[in-house]
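Geometric and topological summary
Chain by chain, the residues run as shown.
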Amino acid sequence: MEKHVPFKHRRTTLERAEKFISTHHFTDINLRSRLYPARKAVTSLTHYAAPGRISYEEAMKGKYTPAKIGQSFGPTWATHWFKVEVEVPADWVGQEVRLVWNSNTEALVWVDGKPVQGLSSEKDRYDFVLSSKQEKGQLRYTVYVEMACNGLFGAGQNSMIGPTDPDKHFTLQQVDIVTFDRDVYGLILDMEILYGMAKELPDSDRGYQALYAANDFVNACDVQDKKTYKRAKEISEKFFSQRNGDTQHTIHAVGHSHIDTAWLWPYDETKRKCARSWSCTIGLMEQYPDFKFACSQAQQYAWIKELYPSLYKDICKFVAKGQFIPVGGTWIEMDGYVPSGEAFVRQFLYGQRFFQKEFGIKCSEFWLPDTFGYAAQLPQIMRESGITRFVTQKMSWNLVNKFPHHTFWWEGVDGSRVLSHFPPGDSYHLEGHVKEVLYTANNFRDKGRSSSSLFLFGYGDGGNGPDEHMLQRLKRMEDIDGLPRVKMSTPDEFFKPIEEKEADKLCTWRGELYLEMHNGTYTTHAKVKERNRHCEFLLQEVEQAWALLVALGRAGGGKGEAGKAAYPSNAIERLWKLLLLNQFHDVLPGSSISIVYDDAHRFYKEIEDEGKQLLSKAVSLLGNALGGKSEKSSTLLVNSLGWQRSVVVPLPVNDTAQPSKRRKTQSQTDSQGNTLVCVEVPSCSVGGLESCVKDLEETESVHVEKQGEFIILRNKHVQAKLDSSGRLTSLRCAGSSRELLLEGCPGNQLLLYDDVPLYWDAWDVMDYHLETRKPLEQVTQKATVKESGPLRASIDVKTRISAESTVTQTIYLDAGSSYITFDTQVEWHENRKFLKVEFPTNIHSMEATYETQYGALQRPNHYNTSWDSARYEVCGQKWADLSEHGAGLSVLTDSKYGYSAVGGVLRISLLRSPKAPDAHADMGTHNFRYAVMPHRGSWQEAGTVQAAFNLNRPVKVFPLAQGVAVSQPRSFFWLDSSQVVLDTVKMAEDRPDEVMMVRLYEAFGGRAEVTLSSSLPLRSAGRCNCLEEAQADGDLPIKTEGGVATIPLKLRPFQILTLALTL
C-alpha cells in the first residue's frame, strides 16, 4: 500500500507542537499532564501568624494551629509560618518526590533550621524537592514554610506600580506532595527547543527541519505509553546533534538575579528576597557544576551574612569554586546621576573592600543594569577603583534613538576608558528561550568588530533568579545548527577574549550615557534629594574635622582630650553606608513605594543627628587644641572649603560672643533677630570670630532701592531689577551695560506644567509636557523690601500656584556675594503637575554647561537632531551655565538636579507630583534655595564652581565652651589656583591614626600645574587610587619651609587625584 504523505500546514503543525506541552490547553491528555504522575495530600499543616519578619529561632517558639487549603492570610507585608508534615507512600520509593506549594506569594522553605529554597507562584517556582530518589528508610519529612504576604513585585493596587494595597490577603491554593517524572520533563524541554526553532526560523531550511522534527516527535510519543518516550527522545537528540559552524556568534550565558534593594517593597523584605533567590541558586549549583551566577551589591551579601549564616557559608563555598561570582564592586547598585562624585567613590571603596575581605576578590566589572542614565565621570571613577569593564542593558529602553553599540569603549570626560557591553538581549531576566537566543545574536550591533555577547538569564527586579528550566534549555542549545553557540560562562570569560583580540576594532562613545526615559527621577521625591545632598556634605565635613584633629594630635599640637582623639572610623563608615544604601537606584530617584521613604528618612535622620554630634565634638576639640584661656565664651568659624571666603554669616540670637564694639565693622540684625557680620576666612580653616570679622567699605555694601513698582538690588558684583512679582526684569554685572536677560522675558519666572506620563508615573517626564507651559502670575503678596543692608538686602514675595499650593520667596543679595539667592518655601498639593523656574537669557551659545561629578559637561542649547531634542530634561549637580565670549549666566542649587536649556532659556526643575508608586510623593512643605549669578568671562574665570560650593557648604559657626578662646584662624590646606578643587580630607581606611587621604580634582577642563600647601607636618606624600592603594611611582616631593609643606601637582582635564599624606 502506498504511504500517504500529507501536506504540512505550518501554522497547524506549530500549534500542534505547542499544545502538546501547553500549560493551558489539553492539560489532561498532553505530555505535561504526565509530569506529576502521583499526588497526595500532606499529613499535617499548621500555621503561626508571626508578629513581623522574625528569625527561624523565634518562629519555632510560636503557637501553631491547624490551617487548610483555601484559607486566606494577610494583610500586606505580614509574615505567616507553616509547619508541613509529610508521609511519603511506600510505593513512591525510588522516585523523585516534591512538595508543591502555592500561596500566591513569595515564600521560603526551611529544613533543619536552614533556608533551602525560595518559592514564588508568579514564576512557576511551586515545588521543592524532598528527595531526588526516595529512599525506603526516610518516608517522613517536616519542613517549615515562611510565607511573606506580598508578591514578587509587592502588592500594588490596580497595576504593578500602583500604590500599595495595605490590606491585601492571599489564598493558600495548593499544598501537597507529588512524584516528578524526569523523563517527561526532559521531553517537554526538548519539544520547547524544537517548537522555538520552528517558530522563530520561519523561512529557513533549519526552521522547517525543526517543524518536521517536532511533528515526528508528537507522532512518536504516546503519553500513556512510557515505552514510546525513547523514540521521541531519539528524534530530538538526532536534531540536536547537528552542530554549528566555526563562525557562529557565541552567547555567554551568565545566571543573574537582579534584586532591587528596595522598590515596590521595603529594605527588610529585600533581605528575605535575597535569601529566597540565592538559596535557589545554591541548590542549582549543587546539581549543575557548570552553572555560573553573577551577583552584585555588597550590602545584600552583608545582610545574608548577618541574617542567614548557613546560606552565606554555602555562598562562600561556591565563590571559591568560581560559580557564585561577585561583580559590580559597589556597596549597592546606585543611581547613576544624582550622587556626588565622593559618594560614587565610596560606593566602590566600601564595595570593593567588602569583596576583598570576604572572598579575596576585587571586582573587574561595574555591574549596573537598571539605573536611569550614567554620569560622564563614571569611567574615571571605575578605573580609579580597579574596574576596567562595564555592563548594563538599560540603554535599550531609549524612547527615541537606538544606541549604536553593544560592545564598545566608554570614555569619560577626562579621557579614561572602560570596555563596555550592553547585552543585546535587551534584558537582565532572560529565560533561555530560542527566541531570546536568536534575538541576542541578530540584534547585536557590533558585528564584524566582535562575535560574542552576554546573555543574562534569571528572573529579576523582584529576585527569584535562574531556575532549572533555563539551565536545561540553554544546555540543549549549546551547539545546534541554526542557533548561535551557547556557553555557560562568567563575565571574565566573556570580556577577556575581547580585550585580547578585538579591543582595537571597537568604537568609542564619549561622555554621558543619557537614557531617553525616566528623566523625571532627577526631581521626584525632592526631600530625599535634599537630604541626600546635605548628608553627603555633612559626612565630608565630619571626616575633615576629625582628620585635622588627629593630625594636630600627632603633631603634638593637641591639648588634653584633643591630643588623644581617635578618628571615629567605624561610626563614619556606618553613616556612609546608610547614605549609600539610600542612593539605591529606585530610592534616591524617587520611584519607590511610600514605606521605603519612611525607612529612608529614618536613615537620613540618623545620619544627620549622629553626624552633627560628631562634627560638633570634633570642632569643640579643635577649639581646645587651637585656643587659649578666656574669661568669656567665644565663637569658632569653620571653613571646610579649599579657598578663602568673604561671606556674611548669621550669629545666633543667644550667642554672647558678638564682635567687639571696639571694631569698626558693620553689622546688621536680620528678620529672625540674628546678628549678621561679614567675615573673611582662610582656606580649609578653623578660627575665632573676632579675628575673622571684616570691616566693609561703603563700596562693598549691598544697596536696595525702590523705583516705582520695581526694586533694585546691587553690590560690587551684581545689579538686578525685580518687578512686584519678584521676577527679574534686568540682570547685569555691576558696572556693566551688558544685559543678560532676554528683553521682555523675566527671570525667576515660576512655571507650572501638566505632567502626565504614559505609564511610569514617578519616573517619566514626557516631551509633550513642554507644550503645557503655564507662567504663574497670580501674586498674593507683592514684592516688599524686608532687609535694607548694609550686609544683606532682601525682598519677600508670595505667589499662588492653585487653591491648595503657594510659593513664598525671600530674594536676597549679600555684601560681597556674586549671586542673588532665592530662598523658597513651597506648599505643594498638586496632582501630576511639574513646577519649574526659568531664566531667559540673550546669551548666544550652541551649548550649555552642567556640573557633573568632579567636573563639567556640555549639552546642546538647541534641538537640531533627535539626539538633541530627546535631552529636553537633563541631570546636573550644583550648577548650570550659559556663556558666550565675555559674559554668561550661571544658576546654582542647593538640592535640585533637573535642568534644561534650549534657545538660551535656562530652567531648573523644582517639584513634581506623581501618584504612583507613592500616592503622596512630594506632598507637603518644601524649603530649598537656588541662585542666579551673572558673570564676566567664562564660568571658569567667574568662579561658578566655587560659588556653587559656597551656596551648599556655608561657613559654619560653633560656640566654644566657657573659658576657651581661639584667636587667629589656622588654615590647614590651600592651593595656588582655583582650577583645582580640594574636595575631600579624611583619614585612611587602614591607617586612620597616621595617614591622611586628600582628594582633589581639576574643575575647568584643562591641564593644571598647582601647588598644594599645608600647615601640617607631613612626612611623605604619594598618589593612590580611590581604593586608597598606592600607585607605582606615585611618590611626590614635599618641600617644607617656615612650617609650611608644599607639594607640586600636575593634573589632566577633569582628573581626580587622591593623595596619601603620612603625618
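You'll find the structure just up there.
Predicted model only: the values in this text are computed from it and were never measured.

To continue, consider the overall build of the chain. Tallying secondary structure elements over the chain gives 20 helices and 59 strands in all. Taking 1063 residues into account, the globule formula puts the C-alpha radius of gyration at 31 Å, and the chain, at 33 Å, falls close to it. Dimensions along the principal axes, computed over C-alpha positions, put the chain at roughly 120 × 65 × 60 Å. For the chain, with 1063 residues in total, the buried portion stands at 63%. Long-range contacts, defined as pairs at least 24 residues apart, comprise 74% of the intrachain contacts of the chain with a sequence gap of at least 6. With an accessible surface of roughly 39,700 Å², the chain has 48% of that area assigned to carbon and sulfur atoms. Positive and negative charge centroids in the chain, built from 123 and 132 side chains respectively, lie 2 Å apart.

A separate point is empty space enclosed by the protein. Over the atoms, a rolling probe the size of a water molecule traces out where space has been left empty. What the rule picks out here adds up to 9 cavities of 30 Å³ or more. Of the pockets and cavities examined, the largest cavity occupies roughly 150 Å³. Lining the largest cavity are 16 residues, and of these S340, G341, Q877, K878 and D983 sit closest to its centre. Secondary-structure elements contributing two or more residues to the lining of the largest cavity are α9 (341-359), α14 (526-554) and β40 (847-852). In terms of residue count, the dominant contributor to the lining of the largest cavity is α14 (4 residues). Among the residues making up the lining of the largest cavity, the classes are represented as 4 nonpolar, 6 polar and 6 charged. Every residue lining the second largest cavity is counted, 16 residues in all, and those nearest its centre are E541, Q544, L615, V638 and S640. Among the elements of the structure, α14, α16 (594-626), β24 (635-639), β28 (685-688) and β48 (956-959) are those that each provide at least two residues to the lining of the second largest cavity.

In this section: the nonpolar core. Grouped burial of nonpolar side chains is what soluble globular proteins tend to show. Counting residues in hydrophobic clusters, the biggest one holds 274 residues, and the most contacted among them are W278, F324, F973 and M996. It is α14 that provides the largest number of residues to this core, a total of 15 residues. Beyond its immediate chain neighbours, meaning those up to four positions away, F973 contacts L548, S683, C684, L982, V985, M996, V998, L1012, S1013, S1014, L1016 and L1061. Counting 27 residues, the second largest nonpolar core, distinct from the first, contains F82, V84, M147 and F170.

Taken together, the 9 strands give an open sheet; going across it, the order is β35-β36-β37-β38-β47-β44-β43-β40-β41, and neighbouring strands pair in antiparallel fashion. Unpaired on one side and paired on the other, β35 (779-788) and β41 (855-860) mark the two borders of the sheet. Neighbour-to-neighbour, the strand axes of this sheet turn through a mean angle of 20°, independent of strand direction. The sheet contact formed by strand β38 (residues 820-828) and strand β47 (residues 924-936) spans 9 bridges and is antiparallel. Looking at the pairing, T821 lines up with A931 of β47.

This paragraph deals with the sheet that holds strand β12 (residues 174-180). Strand order in the open sheet made by the 4 strands is β1-β12-β6-β9, with antiparallel pairing throughout. The sheet is open, and its two borders are formed by β1 (39-41) and β9 (127-131), each paired with just one other strand. Here the average twist between neighbouring strands, direction ignored, is 30°.

On to the side chain of D670, then. Here D670 is to be found in the loop between β26 (667-669) and β27 (675-681). Among buried charged residues, D670 stands out as having no salt bridge; its nearest opposite-charge side chain is R792, 4.9 Å away. Non-local contacts of D670, meaning those with residues more than four positions away in its chain, are made with P650, L676 and E787.

Scanning the entire structure with this criterion turns up 0 disulfides. C274 provides the cysteine sulfur closest to C280, a residue in no disulfide bond, and the two sulfurs are 12 Å apart. Looking at C280, the relative accessible area reads 6%, which means it is buried. Unpaired in this structure, C316 has its nearest cysteine sulfur neighbour in C295, at a distance of 12 Å.

Enumeration according to the criterion identifies 73 salt bridges in this entry. A salt bridge links R999 to E342, with the shortest nitrogen-to-oxygen separation between them at 2.6 Å. Of this pair, R999 sits in strand β53 (residues 995-1002) while E342 is found in helix α9, placing the two residues 657 residues apart along the sequence. The class of R999 is buried, set by a relative accessible area of 3%. For E478, the salt bridge identified is with K475, shortest N-O distance 3.4 Å. When its relative accessible area of 49% is taken as the criterion, K475 is described as partly exposed. When salt bridges that share partners are traced, they join R53, E106, E146, E269, R272, K273 and R276 into one network.

Further remarks concern the packing of helix α6 (residues 267-287) against helix α7 (residues 298-307). At a closest axis distance of 10 Å, the pairing of α6 and α7 adopts a crossing angle of 80°. The angle between α6 and α7 falls in the class roughly perpendicular. Counting all contacts with α6, which are made through Y267, T270, K271, C274, A275 and W278, the residues of α7 involved are Q300, Y301, W303, I304 and L307. When the residues that make up the contact of α6 with α7 are grouped by side-chain class, the tally is 8 nonpolar, 2 polar and 1 charged.

Taken as a whole and assessed by the stated rule, the structure comprises 54 aromatic pairs. Measuring from centroid to centroid gives 5.6 Å for Y48 and Y64, while their planes differ by 50°, and the two rings are tilted. Within this pair, whereas Y48 is found in strand β2 (residues 44-49), its partner Y64 is found in the loop between α2 (56-59) and β3 (65-66), the two being separated by 16 residues in sequence. With a centroid separation of 5.2 Å and 85° between ring planes, the pair formed by Y301 and F355 is classed as edge-to-face. Taken as a pair, Y301 in helix α7 and F355 in helix α9 lie far apart in primary sequence, 54 residues in all. Assigned by exposure class, Y301 and F355 land together as buried. Here the aromatic residues W278, F291, F293, Y301, Y312, F324, W331, F354, F355, F359 and F457 are joined through ring pairs into a cluster of three or more. Just above the ring of F239 sits the side chain of R206; from NZ or CZ to the centre is 3.7 Å.

All right, on to the environment of F495 then. Structurally, F495 can be placed in helix α13 (residues 491-502). Accessibility expressed as a relative area gives 0% for F495, which makes it buried. In the structure, F495 is positioned 142 residues away from R353 in sequence and 23 Å away in space, judged by C-alpha atoms.

What follows deals with α9. Here α9 contains 19 residues, and its C-alpha end-to-end distance of 27 Å stays within 8% of the 27 Å for a straight helix at 1.5 Å per residue. With 15 of its 19 residues buried, α9 lies for the most part within the structure. Directly after α9, the chain includes G360, whose backbone phi takes a positive value near 70°.

Attention now moves to the side chain of H47. By secondary structure assignment, the location of H47 is in strand β2. According to the relative accessible area criterion, H47 is buried, its value standing at 10%. A polar contact is formed between the side chain of H47 and the side chain of H80, at a distance of 2.7 Å. For H47, the contacting residues outside a window of four places in its chain are K63, Y64, T65, A67, F73, H80, W81 and F82.

G789 connects to P790 through a cis peptide bond whose omega is 10°. Within the element layout of this structure, P790 appears in the loop between β35 and β36 (792-800). Here the amide bond leading from A916 into P917 is cis, since omega sits at 5°, within 30 degrees of zero. Tracing the chain through its elements places P917 in the loop between β46 (905-911) and β47. You will see that N748, though not glycine, has its phi angle at about 60°, which is positive. Within the secondary structure, N748 is located in the loop between β32 (728-733) and β33 (749-754).

Calculation criteria
- Residues numbered from 1 in each chain as written.
- Predicted model: local features only at pLDDT ≥ 70, side-chain atom pairs only at ≥ 80, totals over all residues.
- Heavy atoms only, no water.
- Helix = DSSP H or I, 4+ residues; strand = E, 2+ residues; numbered from the N terminus.
- Rg over C-alpha atoms; globule rule 2.2 N^0.38 Å.
- Buried < 20%, exposed > 50% of the residue type's maximum accessible area, 1.4 Å probe, protein only.
- Contact = heavy atoms within 4.5 Å.
- Areas by Shrake-Rupley, 256 points an atom, 1.4 Å probe, with all protein chains shown as cover.
- Lys, Arg positive; Asp, Glu negative; His and termini not counted.
- Charge placed at Lys NZ, Arg CZ, Asp CG, Glu CD.
- 1 Å grid on protein atoms, 1.4 Å probe; cavity = no way out; pocket = protein on both sides within 12 Å on 5 of 7 lines; lining within 4 Å.
- Points joined across faces, edges and corners; volume = space filled by probe spheres on them.
- Nonpolar A, V, L, I, M, F, W, Y, C, P; charged D, E, K, R; others polar.
- Core = buried A, V, L, I, M, F, W, Y, C linked by side-chain atoms within 4.5 Å.
- Pairing = 2+ DSSP bridges.
- Axes fitted to C-alpha atoms, helices over the stretch in contact; angles between N-to-C directions.
- Salt bridge = Lys/Arg side-chain N within 4 Å of Asp/Glu carboxyl O.
- Disulfide = S-S within 2.5 Å.
- Parallel < 35°, antiparallel > 145°, perpendicular 65-115°, else oblique.
- Phe/Tyr/Trp six-rings, centres within 6.5 Å; stacked < 30°, edge-to-face > 60°.
- Lys NZ or Arg CZ within 6 Å of the ring centre and 35° of its normal.
- Expected span 1.5 Å × (residues − 1).
- Polar contact = N/O pair within 3.5 Å; in protein donor to acceptor, adjacent residues only side chain to side chain.

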